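# A structural walkthrough
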Amino acid sequence: MVDRRRCLVLVPLVLFAAGCSTAEPTPIFAAASSTTPAENVPLAGVAAPSGAPFVAVDGRDLRACSDGECEVLVRTGDQIPNDGGAGPLSVTVQAGKVGLAPSSGGMGSAVSGPPGMTHQINRQVIVIVAVQDGEGIVRLSRK
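Cut-offs applied
- Residues numbered from 1 in each chain as written.
- Predicted model: local features only at pLDDT ≥ 70, side-chain atom pairs only at ≥ 80, totals over all residues.
- Heavy atoms only, no water.
- Disulfide = S-S within 2.5 Å.
- Buried < 20%, exposed > 50% of the residue type's maximum accessible area, 1.4 Å probe, protein only.
- Pairing = 2+ DSSP bridges.
- Helix = DSSP H or I, 4+ residues; strand = E, 2+ residues; numbered from the N terminus.
- Axes fitted to C-alpha atoms, helices over the stretch in contact; angles between N-to-C directions.
- Core = buried A, V, L, I, M, F, W, Y, C linked by side-chain atoms within 4.5 Å.
- Contact = heavy atoms within 4.5 Å.
- Polar contact = N/O pair within 3.5 Å; in protein donor to acceptor, adjacent residues only side chain to side chain.

### Examining the state of the cysteines
Under the criterion given, the structure shown has 1 disulfide. Here Cys65 connects covalently by a disulfide to Cys70, the sulfurs 1.9 Å from one another. Disulfide Cys65 to Cys70: torsion about the S-S bond roughly 90 degrees, handedness right-handed. As far as burial versus exposure is concerned, Cys65 and Cys70 are alike and both buried.

### Examining the sheet that holds strand β1 (residues 70–75)
Where strands meet in a sheet, backbone hydrogen bonds hold them as pairs that are either parallel or antiparallel. Taken in spatial order, the 4 strands of this open sheet run β1-β8-β7-β6, and their pairing is antiparallel. Of all strands in the sheet, those with a lone pairing partner are β1 and β6 (118–121), marking the two edges. Strand-to-strand twist in this sheet, taken as the mean axis angle between neighbours without regard to direction, amounts to 25 degrees. When β1 meets strand β8 (residues 135–142), the two strands line up antiparallel, connected through 6 bridges. Paired with Glu71 across the two strands is Arg139, which belongs to β8.

### Digging into the nonpolar core
The biggest cluster of nonpolar side chains holds 19 residues, and the ones touching the most others in it are Val74, Ile80, Val98, Leu100, Ile126, Val138 and Leu140. When residues of this core are traced back to their parent elements, those giving at least two are β1, β3 (89–94), β4 (97–102), β7 (124–132) and β8. Discounting chain neighbours no more than four positions away, the residues touching Val74 are Arg60, Leu62, Ile80, Val91, Val93, Val98, Gly134, Glu135, Gly136 and Val138.

### A look at the side chain of Ser90
Structurally, Ser90 can be placed in strand β3. Polar contacts involving the side chain of Ser90 include one to the side chain of Gln79, which spans 3.0 Å. Ignoring sequence-local partners within four residues, the contact set of Ser90 consists of Asp78, Gln79, Gly99, Leu100, Ala101, Pro102 and Ser103.

### As for the pairing of β3
Two elements, strand β2 (residues 79–80) and β3, share 2 bridges in a ladder whose sense is antiparallel. What sits directly across from Ile80, in β3, is Leu89.

Here's what the structure looks like:
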């Protein structure tokens, strides 16, 4: 007869051990792939675990966004050049959210959200990937 108490302890332990079996660390955010943006969208509430690297594919190179395709680390006051449909964007990071507004100062198309939030402006898809300590990771792609 199977001892159910032993199974309740061993099954989660085995599953946990299987998830920890990789020899080298895996980055939180993998490099851009050939999948569509909808498949790359993280779940709501995703943030870099404490102590884990907080890394964007294009780092702090905001110029990588000039073609409308990038994943960058942003801070309040940054200006993202963007020809992907939403136009150049001004950045604000506060209270666990990233806010993006047209650099022209108008309120049309301003967006804000926590990690996991996805917005579409014209043919531009904007994903708030993560927020941590006054910085955020934003992914722009064309639809």
